Number of protein chains: 2
Amino acid sequence: MINKIVLIGAGNVSTHFGKAFMNAGKKVMQVFSRTERSARELAGKLNCPYTTSLENLLPGADLYMIAVTDSAIDEISKNISLDNPLVAHTSGSTDIKVLENKNIRPAVFYPLQTFSKDTEVNFNEVPLFLEAVNNKDHEKLKNLAGSISSKVYSIDSKQRVMLHIAAVFASNFTNHMLYIADDLLKKNKMSFDILQPLITETVKKAGLIGPFKAQTGPAVRNDKYILELHSDILSAFGDYRKFYNFITNSIISKHCKKREG
Amino acid sequence: MINKIVLIGAGNVSTHFGKAFMNAGKKVMQVFSRTERSARELAGKLNCPYTTSLENLLPGADLYMIAVTDSAIDEISKNISLDNPLVAHTSGSTDIKVLENKNIRPAVFYPLQTFSKDTEVNFNEVPLFLEAVNNKDHEKLKNLAGSISSKVYSIDSKQRVMLHIAAVFASNFTNHMLYIADDLLKKNKMSFDILQPLITETVKKAGLIGPFKAQTGPAVRNDKYILELHSDILSAFGDYRKFYNFITNSIISKHCKKREG
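Computed from a prediction, not measured in an experiment: that's the story for all the values here. (Residues numbered from 1 in each chain as written. Chains lettered and ligands numbered in written order. Predicted model: local features only at pLDDT ≥ 70, side-chain atom pairs only at ≥ 80, totals over all residues.)

Some words on the domain arrangement of chain A
Accessible area lost upon the coming together of the parts serves often as the stated size of an interface.
Alright, step 1. For chain A, the assigned domains read domain 1 (4-155) and domain 2 (160-260).
Alright, step 2. Contacts between the two partners involve eight residues from domain 1 of chain A, matched on the other side by six residues from domain 2 of chain A. (Domains from an automatic or database assignment. Contact = placed C-beta atoms within 7 Å.)

Shown next, in the form of C-alpha cells:
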C-alpha cells in the first residue's frame, strides 16, 4: 500500500497530484524543486517540508513521483541516492526505460488531462495510465490511482506516447482552433460565447457517433463555392488563409479516401 | 406574426427547422425540393403537401424559407413568382444582397449549429442570426426565432460570413482534430472514449478563461524535445507529421507574438 509520497517537481502536475493525494488521505512527505520559491509554495499548500537538493530527499517514502519536464527525468532519476525506491514519472512521452538500470524500481503514473495553474480539476474524472516493471509495484500503483480517480488503465510506453500525441490533437490543437475562432470573432466585434452551443454539440456528437461520421461543413461537402469565398475573405487575416486551406484539404483527402475505400 | 411557412429545400437544415416550427405550433404549409424523394420524405414527417416545381409554390405563406446549397439560392429566389413574399435564406456565408432586386422581401435566418441527419438537436440552444431589410419583417422574424430558440441575435451579412468561418474552425476543424486523435488511437489499439474527459475539460476551460490563456502542451511550452519526438513518431503515419508540425508552428508563432507584444 502506498501512503507516503515524495513529490519531485513543483509545477502544475505535481500541484494537482499533491492536492488529490492529500484529499485521499495520503501523506505527502516532502516536495523537491530546484527552484526554492516553487518548492516552498507547494510545500506550503501541502503542509510538508521541502528541499532544493536531491541529496536531501527523505528516505522511507512508498513512492517518489517525478513530475518535471521530460528532458530532466533522466538526470533526476540518476541522482536519487536511496535504497531501491519505487520511482514513477508522470510523462506521456517518456519511455519507462529511462528509469531502468538505476538503483530504483521504475514506474509510470501518467494523468491524461490539461492542467492549468488556476483551474481546479475534478481528479476523479482524470484517466490515469500506469506502467511498472514488476507486478507488486503495479498493484500498489493501481490501488493508489484508484484512491484518486475512477478511470485507471494499464498501457505500455509505446501506446502511451501515441496516446499523448492523440491528446495533443484532441486538446492542444482543438484549443488552437477555438483560439482562431475567438480571434476572428473579436476582430469582427462578436463574442466567443455565441459559439458555445456549437462547440458543445460538436464534441458531444463526435463522442456519440465518432468524429468521422460526425463531420459536417463546406470541406466534407467539398463545397468549392464556399471554400473559395472563405479562403478569399481570410486573405485579409494573415496566415489564417493558409491554415484554412491546409485543414480543408486534409478533411477532403481523408473523407474522399474513406469513401472510395 | 409568422404562422404559415413554406420550406424550400429538404435537407438537414430544412428538416430540423420543420420539426422545430411544428413543435412551436407553426404550420408548415408545403415542402419544395427538386428531388421528389426528399420532398416526399420531409413532407411526410411534417404532414403537409410537397412540390418539385417552384411554379407550384403555394401562395399566402408568411415566410418562404430557402434552405438549400448556397450556390442555388440566387437561382431559386429568382424563380419565386409570388406577390412580394417574405423570403429568408438560412446560409452563413451568403450575403442578403443575393435576394435583392427581385419581387421578394429579403431576409436571413441563419442557425449556428452542426446538423446531422440522424442526430436530434435541442433547438432551444441553437443560436439564430437574423437579418432583414425592413424593420417590420425583422420584428416578425425575431418573434418566430424566439418561439423556437432562446438565443436570437441580429447581425449583418459581413459579420455573418465571419461567424461562419469562425464556426468552421470551432466545429469542423475541431472535429477533424478529434478524427485524427481517434484514428491514431485505433491504430494503436486504444479507444476514443479514454480521451473524453480531456476533451470535455479542454472545451470547458476555453469557455471559462478563453482559448489563448487555456493553451497547454508541448507547442505552447516550445518543448523541442517532445515536439521532435512526436514529429519523428508520426513519420510512420502518413501526412500526420506534416499536420502536427504545421499546427505546432502556428501555436508557437501566435503565442510568441502575443508574449513579445
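From this point, the narrative continues.
Describing the relation of the copies chain B and chain A
Alright, step 1. Structural alignment of chain B on chain A gives an RMSD of 0.0 Å, achieved by rotating through 180 degrees and translating 0.0 Å along the axis. Here the two chains are linked by the operation of a two-fold rotation axis. The C-alpha atom lying nearest the rotation axis in chain B is that of Thr174 of chain B; the distance is 2.5 Å. (Least-squares fit on C-alpha atoms with pLDDT ≥ 70 in both.)

Description of the sheet that holds strand β6 (residues 105-111) of chain A
Residues and elements named next belong to chain A.
Alright, step 1. Strands sit in the order β3-β2-β1-β4-β5-β6-β7-β8 across an open sheet of eight strands; the sheet is mixed. Each edge of the open sheet carries a strand with a single partner, namely β3 (50-51) and β8 (152-154).
Alright, step 2. The strands touched by helix α2 (residues 36-46) within the sheet are β2 (27-32) and β3, with β2 carrying the most contacts at an inclination of about 170 degrees. (Pairing = 2+ DSSP bridges. Helix = DSSP H or I, 4+ residues; strand = E, 2+ residues; numbered from the N terminus. Axes fitted to C-alpha atoms, helices over the stretch in contact; angles between N-to-C directions.)

Quick look at the nonpolar core
Alright, step 1. Ranked by internal contacts, the top residues of the largest apolar core, which has 161 residues, are Met65 and Ala166 of chain A together with Met65 and Ala166 of chain B.
Alright, step 2. Excluding its chain neighbours within four sequence positions, the residues that come into contact with Ala166 of chain B are Ala181, Leu184, Leu185 and Leu195 of chain A. (Core = buried A, V, L, I, M, F, W, Y, C linked by C-beta atoms within 7 Å. Buried ≥ 20, exposed ≤ 12 C-beta atoms within 10 Å, placed from the backbone.)

Regarding helix α5 (residues 157-187) of chain B
Alright, step 1. For α5 of chain B, which comprises 31 residues, the first-to-last C-alpha distance of 43 Å matches the rise-based estimate of 45 Å (1.5 Å per residue) to within 8%.
Alright, step 2. Looking one or two residues past α5 of chain B, Lys189 of chain B carries a phi angle of roughly 60 degrees, positive in sign. (Expected span 1.5 Å × (residues − 1).)

Overview of the environment of Met190 of chain B
Residues and elements named next belong to chain B.
Alright, step 1. Positionally, Met190 belongs in the loop between α5 and α6 (196-209).
Alright, step 2. Met190 gets classed as buried once you count the C-beta atoms within 10 Å, which come to 20.
Alright, step 3. Sequence-wise, Met190 and Ile233 are 43 residues apart; in three dimensions their C-alpha atoms are separated by 17 Å.

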